[in-house]
Amino acid sequence: MGPGQPTMSSLEIPNLEDTGSNWVIYKKRVINLLTHEGLERHLYGTAPKPEELREVDGKWVLEGNPTKPLNDDEIEEHNTKIDIFEQNDAIVRGVIYATISRYTHLRIYKEKTSAKLW
């Protein structure tokens, strides 16, 4: 990020009113912030989630290719991709949680992804 560019903490997002009366401005600012950070696809559920790993005959494989066992480096690389995806989704959920009321939070807290919260 170059000098003078806004950081995530410097961009102001209004709290969403329980009535939704400020939804238009809230939505635009959240989308703008997350676009700036490269995270907006998490809002829409279009960020590609890495495939799940599963164990077959004592070897780790990808769900989509159960006949090709992964070596230790491939497993570590894949787990890093999963971690990055989960961390990015948690950032987006954090932005939403930080800008909604307790009442709204209690209505949506069981959702597992930021796209479902949105």
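Nothing here was measured: the structure is a model prediction, and the numbers come from that model.

Here is what the cut-offs are and how they apply
- Residues numbered from 1 in each chain as written.
- Predicted model: local features only at pLDDT ≥ 70, side-chain atom pairs only at ≥ 80, totals over all residues.
- Heavy atoms only, no water.
- Helix = DSSP H or I, 4+ residues; strand = E, 2+ residues; numbered from the N terminus.
- Rg over C-alpha atoms; globule rule 2.2 N^0.38 Å.
- Contact = heavy atoms within 4.5 Å.
- Areas by Shrake-Rupley, 256 points an atom, 1.4 Å probe, with all protein chains shown as cover.
- Lys, Arg positive; Asp, Glu negative; His and termini not counted.
- Charge placed at Lys NZ, Arg CZ, Asp CG, Glu CD.
- Salt bridge = Lys/Arg side-chain N within 4 Å of Asp/Glu carboxyl O.
- Buried < 20%, exposed > 50% of the residue type's maximum accessible area, 1.4 Å probe, protein only.
- Expected span 1.5 Å × (residues − 1).
- Polar contact = N/O pair within 3.5 Å; in protein donor to acceptor, adjacent residues only side chain to side chain.

Asks: Looking at this structure, I do not really get the overall build of the chain. What am I missing?
Replies: A tally of helices and strands in the chain yields five helices and two strands. Listed N to C, the secondary structure of the chain is α-α-β-β-α-α-α in terms of helices and strands. The C-alpha radius of gyration of the chain comes to 18 Å, more than 25% above the 13 Å expected for a compact globule of 118 residues. Structurally, the chain occupies a C-alpha span of about 55 × 40 × 20 Å along its principal axes. Taking all contacts inside the chain whose residues are at least 6 apart in sequence as the whole, residues at least 24 apart take part in 49%. Total accessible area computed for the chain in this model is approximately 8,200 Å², and 50% of it derives from carbon and sulfur atoms. Here the chain contributes 15 positively and 19 negatively charged side chains, and the mean placements of these two sets differ by 8 Å.

Asks: Help me understand the pattern of salt bridges, please; the structure alone is not making it clear to me.
Replies: A side chain of one charge can pair with a side chain of the opposite charge when the charged atoms of the two come close. Counted according to the given criterion, the structure contains six salt bridges. The salt bridge involving Glu63 is made with Arg54; its shortest N-O contact spans 3.8 Å. Accessibility expressed as a relative area gives 42% for Glu63, which makes it partly exposed. Residue class for Arg54 comes out partly exposed when judged on its relative accessible area of 33%. The closest approach of N and O atoms between Arg93 and Asp89, which form a salt bridge, is 2.6 Å. Taken as a pair, Arg93 and Asp89 lie in helix α3 (residues 72-98) at a separation of four residues, close to a single helical turn. Comparing Arg93 with Asp89, the two get one shared label, buried. Several salt bridges share partner residues, and in doing so they unite Lys49, Glu52 and Glu86 into one network.

Asks: I would appreciate a short explanation of α3 in the present structure.
Replies: For an α-helix the count is 3.6 residues per turn, leaving residues at separations of three or four pointing the same way. Taking 1.5 Å per residue as the helical rise, α3 with its 27 residues ought to reach 39 Å, and the 38 Å between its terminal C-alpha atoms agrees with that figure. Buried within α3 we find Ile75, His78, Phe85, Asp89, Val92, Arg93, Val95 and Ile96. The N-capping residue of α3, defined by a side-chain oxygen 3.0 Å from the backbone nitrogen of Asp73, is Asn71.

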